[in-house]
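# Inside the fold
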Amino acid sequence: MHRLQRPGYQHSGPSAVAWGIQCPPYESVVEPPAVEVGALPPRRHAPRRSPARRRRDGLRDRPLTPFPAEVMVFTTQIFVFYFLPVFLLVYYNLPFRWRNAWITVGSYVFYGWWEPWFAGLMLFTTVMDFIWGRVITRPGATRLQRRGAVLACVVANLGILGFFKYYMFAAETLNAMLASVGARQFQVLQVVLPIGISFYTFHSLTYILDLYRGHATPAKSFSVFSAFVALFPVLVAGPIIRYKTLTAQLHEREHTVSRFASGVALFIIGFAKKILLANPCGHVADTVFAAAQPHAIDAWVGVVAYAFQIYFDFCGYSDMAVGLARMLGFEFLKNFDAPYRSESITDLWRRWHISLSSVLRDYLYIALGGNRKGETRTYFNLAVVMVLGGLWHGAKWNFVLWGAFHGLLLAFERWRHRRSVYAACPRPFRIGFTFVLMLLSWVLFRADTLTDALELYRAMFGLGSPHEVAALMAASIYTPYRLIILAIGTMLVFQPLQAHDWASAPVTWGRIALLLPLFAFSLMAMFSQDFNPFLYFQF
């Protein structure tokens with residue numbers, strides 16, 4: 001079987017493929033190697049089985065976790081032991097007027113470490129948006145000229161984002177439609193998705209839209225604006241930062257020992273969440289999602305493990321980002337607020353990825369009319385915003401349905417005056433029901449295809465026929481170590497104290513005595529782990 005390679009997954013060479021060079025014909029690209037479950041012969045020694053045969057044998061293709069060894073993220077030794085110390089040493093020995101420029105230089109090195117041309121693309125859009133900002137705020141500009149400038153800027157940014165992120169999705173969907181009616185398919189370019197393009201595009205768009213609305217003043221220099229767009233703590237995994245919230249800090253910020261220590265504390269906690277909790281939970285989740293026809297209890301455990309993985313991973317990266325920003329004198333808002341303690345879906349979206357939720361609300365939902373055009377339009381706007389929010393997470397139909405699932409639930413709760421259907425139940429039940437709804441949605445989010453998601457739903461509700469090798473999976477996921485990790489995860493996600501709040505308090509010797517062993521243990525785990533995925537390649 002041959003099919004087009006997915007962008008990003010198998011990419012390891014130069015990026016010329018992304019710049020308009022025609023790829024080999026659709027049929028000529030060899031399918032990427034598959035990760036197989038169980039003690040199978042190495043792939044190069046085993047004949048390739050058909051998908052149907054693999055499913056009959058209890059196997060399922062799983063995309064390789066895209067984490068090339070040469071990349072630099074917060075949980076790699078090159079970042080912890082080399083990049084960060086050198087960056088901070090230079091930063092604190094520079095006069096303040098040069099620090100934004102150093103942030104830009106360091107951020108481009110950090111970002112270009114993945115692929116140098118990623119930095120070139122970001123520089124191009126940054127220059128473009130800086131110029132558009134000057135056009136929008138030009139003295140004497142008419143309303144029509146300002147509106148035309150902001151429209152051109154939005155179209156340009158979304159056009160670039162759409163090409164790199166959604167071209168393959170649209171082309172493959174169109175080819176599938178053509179194939180279904182027997183029409184000839186067309187050749188498809190292989191487009192590599194630049195890491196973090198969604199985040200810095202949204203950063204730039206908030207700048208442009210806030211300038212147009214009069215909510216922000218233009219950046220005084222390109223150095224200031226480029227530092228805002230490229231700020232490496234939030235560049236590849238968020239949270240999404242608005243220019244107007246950083247304007248004052250970009251021009252003047254306080255550097256104190258207590259703020260720096262607080263940042264280090266938060267970084268260590270986020271680092272530990274990712275290494276000690278998210279990665280082991282990811283092992284369990286990957287095992288279950290890669291297996292065909294698991295037992296019902298195993299399927300539920302796998303989905304719970306994925307819920308913990310994505311929370312500790314995403315929240316951990318947010319904590320590390322906020323901690324790093326504090327080391328540089330910046331202060332960001334909290335991005336997660338105990339989301340699995342939510343009592344309804346409406347409550348959930350006030351606690352989960354708060355920066356994205358607020359951006360979608362302020363720049364999309366309100367732009368569509370919000371709740372100002374009647375109830376029906378309000379429900380429609382909610383659904384549209386959540387579908388687009390789902391599509392923001394990745395170019396797959398799974399994400400579209402994930403967004404629609406949440407959009408419908410939000411609209412339903414809005415129809416009930418922001419009350420869930422289980423609002424009359426005691427609080428623990430409300431939290432439990434909301435968590436189960438979230439689990440059901442995570443199946444769509446994590447599954448490779450809609451077919452895989454449906455199979456897992458069938459397994460979760462006992463409608464499938466567990467494969468004879470499914471029992472072997474228990475030996476892999478129910479080890480004492482992984483059960484302890486899942487138990488710790490359960491206790492942490494349902495308790496109210498958040499790392500962001502805990503680390504904001506002064507760092508005492510007692511806290512240092514807790515943090516140092518935690519960091520040392522996390523570092524040892526980082527060196528020993530061979531599973532350290534980065535979940536944001538498709539964002």
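Our subject in this report is the structure included herewith. (Residues numbered from 1 in each chain as written. Predicted model: local features only at pLDDT ≥ 70, side-chain atom pairs only at ≥ 80, totals over all residues. Heavy atoms only, no water.)

### Some points on the overall build of the protein chain
A tally of regular secondary structure across the protein chain gives 20 helices and 0 strands. Expressed as a percentage of the 539 residues in the protein chain, the buried residues total 52%. Sequence separation of 24 or more characterises 78% of the internal contacts of the protein chain that already satisfy a separation of 6 or more. (Helix = DSSP H or I, 4+ residues; strand = E, 2+ residues; numbered from the N terminus. Buried < 20%, exposed > 50% of the residue type's maximum accessible area, 1.4 Å probe, protein only. Contact = heavy atoms within 4.5 Å.)

### Describing the packing of aromatic side chains
Working definition: an aromatic ring pair is given by the centre-to-centre distance plus the angle between the planes. A full pass over the atoms with the stated rule returns 57 aromatic pairs. Summarising the aromatic geometry, the rings of F83 and F232 are spaced 5.3 Å apart at their centres and angled 90° between planes, so their arrangement reads as edge-to-face. On the criterion of sequence distance, the pair formed by F83 in helix α2 (residues 77–91) and F232 in the loop between α7 (222–230) and α8 (243–251) is long-range, its members being 149 residues apart. When its relative accessible area of 1% is taken as the criterion, F232 is described as buried. Centroid distance Y111 to F118: 5.9 Å. Interplanar angle 40°. Geometry classified as tilted. Assigned by exposure class, Y111 and F118 land together as buried. (Phe/Tyr/Trp six-rings, centres within 6.5 Å; stacked < 30°, edge-to-face > 60°.)

### Points about unusual backbone geometry
Both trends apply: most residues other than glycine have a negative phi, and most peptide bonds are in trans. A positive phi angle is found at A338, which is not glycine, with a value near 50°. Structurally, the position occupied by A338 is in the loop between α10 (296–327) and α11 (345–348).

### Details of the pattern of salt bridges
Per the counting criterion, the structure on display carries 13 salt bridges. Between K334 and D337 there is a salt bridge, with its nearest N and O atoms 3.5 Å apart. A salt bridge links D362 to R361, with the nearest nitrogen and oxygen atoms 2.8 Å apart. Owing to a relative accessible area of 44%, R361 belongs among the partly exposed residues under this scheme. A network of salt bridges, in which partner residues are shared, links R242, R361 and D362. (Salt bridge = Lys/Arg side-chain N within 4 Å of Asp/Glu carboxyl O.)

### So, the side chain of N100
With respect to the helices and strands, N100 occurs in helix α3 (residues 96–112). At a separation of 3.2 Å, a polar atom in the side chain of N100 contacts the side chain of R253. Other than its neighbours up to four places away in sequence, N100 contacts S223, V224, A227, L250 and R253. (Polar contact = N/O pair within 3.5 Å; in protein donor to acceptor, adjacent residues only side chain to side chain.)

### With respect to helix α17 (residues 470–477)
Residues spaced three or four apart along an α-helix point in a common direction, a consequence of the helix completing one turn every 3.6 residues. Where α17 is concerned, the buried positions are A470, M473 and I477. Buried positions in α17, seen along its axis, are confined to an arc of 30° and lie on one side of it. Exposed side chains of α17 directed beyond 90 degrees from the buried face belong to L472 and A475. Its buried side turned inward, α17 meets α9 (257–290), α10 and α18 (480–493). (Arc of directions from axis to C-beta.)

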